[in-house]
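Per-entry structural report
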Amino acid sequence: MIRKATRNDIDDIIKITKACAKHMIDQNIFQWNEHYPKPEAFENDVDRHELYVLEIENNIAGCIVISTLMDEEYKPIKWLTTNTNNIYIHRLAIHPKHQGKGYAQKLMEYAEEYSKSNNYISVRLDTFSQNQRNQKFYEKRGYQKLGDIYFPKQSEHPFHCYELVF
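For the structure given in this document, a descriptive report is provided here. What you see is a predicted model; the values in this text were computed from it and never measured.

All right, on to the layout of surface pockets then. Space inside the largest pocket adds up to approximately 1,200 Å³. If you go around the largest pocket, you meet 48 residues; those closest to its centre are Gln31, Trp32, His90, Arg91 and Leu92. Counting residues per element, the ones that place at least two in the lining of the largest pocket are α1 (10-26), α2 (39-47), β3 (59-67), β4 (86-94), α3 (103-117), β5 (122-128) and α4 (132-140). By residue number, the principal contributor to the lining of the largest pocket is β4, which donates 6 residues. Within the lining of the largest pocket, the residues separate by chemical class into 21 nonpolar, 16 polar and 11 charged. Empty space within the second largest pocket amounts to approximately 180 Å³. Taken together, Asp12, Lys15, Ile16, Ile56, Glu57, Asn59, Ile60, Ala61, His95, Lys97 and His98 form the lining of the second largest pocket. When residues of the lining of the second largest pocket are traced back to their parent elements, those giving at least two are α1 and β3.

The subject of this paragraph is the pairing of β5. Where burial is concerned, most of β5 is hidden: 7 out of the 7 residues are buried. One ladder, built from 4 bridges, connects β4 with β5; its direction is parallel. For Ile89, the partnering residue across the bridge sits in β5 and is Leu125. As judged from the 7 bridges shared by β5 and strand β7 (residues 159-165), these two strands associate in the antiparallel manner. Following the sheet pairing, Leu125 is matched in β7 by Tyr162.

This part covers the pattern of salt bridges. Taken as a whole and judged by the stated rule, the model has 10 salt bridges. A salt bridge links Asp9 to Arg3; the shortest N-O distance between them is 2.8 Å. Since its relative accessible area comes to 22%, Arg3 is described here as partly exposed. A salt bridge links Glu72 to Lys75; the shortest N-O distance between them is 2.9 Å. One salt-bridge network, held together by shared partners, links Arg3, Asp9 and Glu55.

The residue His98 is located in the loop between β4 and α3 in this model. Its relative accessible area of 17% is what places His98 among the buried residues. His98 has contacts with Ile56, Ala61 and Tyr103, leaving out every residue within four places of it along the chain.

Each value, and the rule that gives it
Residues numbered from 1 in each chain as written. Predicted model: local features only at pLDDT ≥ 70, side-chain atom pairs only at ≥ 80, totals over all residues. Heavy atoms only, no water. 1 Å grid on protein atoms, 1.4 Å probe; cavity = no way out; pocket = protein on both sides within 12 Å on 5 of 7 lines; lining within 4 Å. Points joined across faces, edges and corners; volume = space filled by probe spheres on them. Helix = DSSP H or I, 4+ residues; strand = E, 2+ residues; numbered from the N terminus. Nonpolar A, V, L, I, M, F, W, Y, C, P; charged D, E, K, R; others polar. Buried < 20%, exposed > 50% of the residue type's maximum accessible area, 1.4 Å probe, protein only. Pairing = 2+ DSSP bridges. Salt bridge = Lys/Arg side-chain N within 4 Å of Asp/Glu carboxyl O. Contact = heavy atoms within 4.5 Å.

Here's what the structure looks like:
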C-alpha cells in the first residue's frame, strides 16, 4: 500500500534511509551520508504533502517524494520541457531487505501515474553518477539523461539529471 506520510512516519523513514546509505557505502557508492537526507528534509516534505510511504504488512518499507518544487541546482539543466508544470522525484528509498522485489518500480509507477493524472508534462529527477544500478533503473523506465549537477556536501562526483516526458 502507498499512502501519504505523516510526521509520525519520519523516524521509520530515517531508519530506512540510514540502512540504504550503509548498504550503498558497503558497495562503494557514496551517495548518501551524514549530510543527506536529514530529518528536516522529510519534515518539509510532509508539510508540503509530498512525501509518500510504501507499507508492507503495516510496516514502512520505502518512501518517495513527489514534488512540484524545482531545486536551484536544477536551473542550469537544459530540460526537454518548459519549467512550468513538472514533477520532481526525490529521496526514493527501499529498505535493503526489501530491495530487488519490484517495490521501487511500484513507487515510480505511482509517481508517474500521479503526474499523468494531474496533467503534469514530465517527471524530473537526479541520481548519483557512481550508482550504475539506479541509472539503469531510470533509463529502462524511459528517462533521458540530460546533464550533471553537483551536491558538494554529498560527493565530489556529479549527479545525472533525467526527465521523462508524457
